[in-house]
Amino acid sequence: MNNEYTNNQLINEINALRKEKNAVILAHYYQPGEIQDIADFVGDSLQLAQQAAATDADVIVFCGVHFMAESAAILSPDKVVVLPDPQAGCPMADMVEPNRLREEKAKHPGIKVVCYVNSSAEVKAESDICCTSSNAEKVVDSLGNDDILFIPDGNLGRYIAAKTKRAIQFWPGFCPTHHRLAQTDILNKRKEFPKAKVLVHPECREEVWQEADYVGSTAGIIQYAVNSPDQEFIIGTECGILHELSKRCPRKKFHMASEYMICPNMKKVNLEKVRYSLRNLEPIVSVSDEIRKKSISALEKMLAVK
Ligand code: 13P
Ligand code: SF4
């Protein structure tokens with residue numbers, strides 16, 4: 001009762017502040033349910049980047065991880081972008097060190113660098129085009145016959161190489177949350193729930209996505225479950241997705257492929273931190289002019305791919 005009262009108070013204050021500051025609250029599907037519920041828009045990485053580029057709000061409260069807020073700051077330099085928890089990073093994004101990338105590019109002159117948005121602004125500045133798990137196939141197809149280096153996610157890179165039948169060079173990066181899922185987890189869940197369809201994210205290992213009935217981004221998995229005539233699903237992505245799945249498909253059954261699919265960084269945001277960010281317009285995420293000018297083209301090229 002007490003908690004409910006506090007949450008209602010917090011939500012009222014957040015609503016008043018969002019109006020006063022002309023702010024928009026964007027949240028990823030992996031955010032805690034209470035954050036998804038107060039957001040103006042909930043989406044996957046691509047949808048959130050599109051929203052951040054299009055919004056006419058003065059303030060963007062980005063309920064996600066650092067690279068997402070940074071992309072919003074690159075795309076909307078005239079807006080204040082705040083990340084309610086400044087420690088919410090993405091370990092995969094930290095797996096590319098800009099100097100290492102420059103060395104690799106020097107070894108392969110002319111190679112096109114396709115950079116998953118889960119990367120720092122400095123790394124985007126060294127890349128030809130960005131992609132997300134929703135549009136990576138189209139982005140790679142848009143590059144003609146050029147040699148491609150795909151960074152940082154090796155699992156997504158291998159999946160896109162298989163889909164596009166192209167020889168792609170990969171970076172040894174991975175998402176600790178998705179990489180944790182093992183093939184045996186899927187096989188065991190299939191035994192437990194033989195009628196269920198297996199839906200997984202391409203950040204999972206190759207032997208995992210090869211076992212799946214459907215492989216796609218977070219929004220892709222939701223769309224598949226909504227449109228499918230099937231009633232039961234095994235879900236191989238971060239558990240925050242269950243919030244939207246249960247709202248959109250209240251009669252269908254969803255089983256997590258593993259109980260360990262939790263991204264600790266995505267769970268750092270809470271209602272108090274959102275209120276603090278709106279009240280104080282901090283912690284601000286910004287990008288230097290120099291890096292912004294160099295990195296915007298990779299993001300804009302991605303957004304132009306239809
Ligand atoms: P999508 O939102 O593109 O599915 O990516 C998942 C992810 O891990 C975001 O950090
Ligand atoms: Fe990074 Fe994985 Fe967390 Fe997404 S789920 S933010 S890729 S660690």
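One structure accompanies this document, and this report is about it.

Cut-offs applied
Residues numbered from 1 in each chain as written. Chains lettered and ligands numbered in written order. Predicted model: local features only at pLDDT ≥ 70, side-chain atom pairs only at ≥ 80, totals over all residues. Heavy atoms only, no water. Near = heavy atom within 4 Å. Polar contact = N/O pair within 3.5 Å; in protein donor to acceptor, adjacent residues only side chain to side chain. Nonpolar A, V, L, I, M, F, W, Y, C, P; charged D, E, K, R; others polar. Axes fitted to C-alpha atoms, helices over the stretch in contact; angles between N-to-C directions. Helix = DSSP H or I, 4+ residues; strand = E, 2+ residues; numbered from the N terminus. Parallel < 35°, antiparallel > 145°, perpendicular 65-115°, else oblique. Contact = heavy atoms within 4.5 Å. Core = buried A, V, L, I, M, F, W, Y, C linked by side-chain atoms within 4.5 Å. Buried < 20%, exposed > 50% of the residue type's maximum accessible area, 1.4 Å probe, protein only. Phe/Tyr/Trp six-rings, centres within 6.5 Å; stacked < 30°, edge-to-face > 60°. Pairing = 2+ DSSP bridges.

### Examining the site of ligand 1
Inference 1: Around ligand 1, 14 residues are found, and the nearest of them are H28, S45, S133, H201 and T218.
Inference 2: Taking S133, its side chain carries an N or O atom lying 2.9 Å from an oxygen atom of ligand 1.
Inference 3: Residues belonging to the shell around ligand 1 are distributed by class as follows: five nonpolar, seven polar and two charged.

### A word on the packing of helix α4 (residues 66-75) against helix α15 (residues 289-304)
Inference 1: The interhelical angle for the contact between α4 and α15, taken along N-to-C directions, is 100 degrees, at an axis separation of 9 Å. Classed by the angle they form, the pair α4 and α15 counts as roughly perpendicular. Touching S71, A73, I74 and L75 of α4 are R292, S295, I296, L299, E300 and L303, all from α15.
Inference 2: Taken together, the residues that form the contact of α4 with α15 break down as six nonpolar, two polar and two charged.

### Some thoughts on the nonpolar core
General note: in soluble globular proteins, nonpolar side chains tend to be found buried as a group.
Inference 1: Counting 97 residues, the largest nonpolar core has I25, V200, I235 and V274 as the members making the most contacts within it.
Inference 2: At seven residues, α4 tops the list of elements feeding residues into this core.
Inference 3: Look past the residues within four positions of I235 in its chain and what remains in contact with it is L199, I221, I241, L242, L245, F254, H255, M256 and A257.
Inference 4: Counting nine residues, the second largest nonpolar core, distinct from the first, contains V96, V113, V123 and W171.

### Here we look at unusual backbone geometry
Inference 1: With an omega of -20 degrees, the peptide bond between I151 and P152 qualifies as cis.
Inference 2: By the secondary structure assignment, P152 is in the loop between β7 (148-151) and α8 (154-164).
Inference 3: In this structure, K165 is a non-glycine residue whose phi angle is positive, near 55 degrees.
Inference 4: Looking at the secondary structure, you find K165 in the loop between α8 and β8 (168-170).
Inference 5: For K165, a relative accessible area of 73% gives the class exposed.
Inference 6: With a phi angle near 50 degrees, L281 is a residue other than glycine that sits in the positive phi range.
Inference 7: Considering the arrangement of structural elements, one finds L281 in the loop between α14 (271-280) and α15.

### Structural notes on the packing of aromatic side chains
Inference 1: Applying the stated criterion to the full structure yields three aromatic pairs.
Inference 2: Between Y159 and W209, the aromatic rings sit 5.0 Å apart at their centres with planes inclined by 75 degrees, giving edge-to-face as the arrangement. Of this pair, Y159 sits in helix α8 while W209 sits in helix α11 (residues 206-209), and the two are 50 residues apart along the sequence. By the burial criterion, Y159 is buried, and W209 matches it.
Inference 3: Between Y214 and Y224, the ring centres sit 4.7 Å apart and the planes meet at 25 degrees, which makes this aromatic pair stacked.

### A look at the site of ligand 2
Inference 1: Residues in close proximity to ligand 2 include Y30, V65, C90, P91, M92, N118, C175, E203 and C263, which together make up its full environment.
Inference 2: Across the shell around ligand 2, the residue classes tally to seven nonpolar, one polar and one charged.

### Structural notes on the environment of K124
Inference 1: By the secondary structure assignment, K124 is in helix α6 (residues 121-125).
Inference 2: Each C-alpha atom, one on K124 and one on I151, is 10.0 Å from the other, the two residues being 27 residues apart in sequence.
Inference 3: Residues within four places of K124 in sequence aside, it is in contact with F67, S71, C115, V117, S119, C130, K294, S295, A298 and L299.
Inference 4: At 2.8 Å, the side chain of K124 and the backbone oxygen of V117 are in polar contact.

### Some points on the sheet that holds strand β4 (residues 80-82)
By way of backbone hydrogen bonds, the strands of a sheet pair with one another, either parallel or antiparallel.
Inference 1: Strands sit in the order β2-β1-β3-β4 across an open sheet of four strands; the sheet is parallel. This sheet does not close on itself; its edge strands, each paired only once, are β2 (41-43) and β4. The sheet shows a mean angle of 20 degrees between the axes of neighbouring strands, direction not considered.
Inference 2: Bridge count between strand β3 (residues 59-63) and β4: three bridges; the pairing is parallel. When the bridges of β4 are listed, I60 appears paired with V81.

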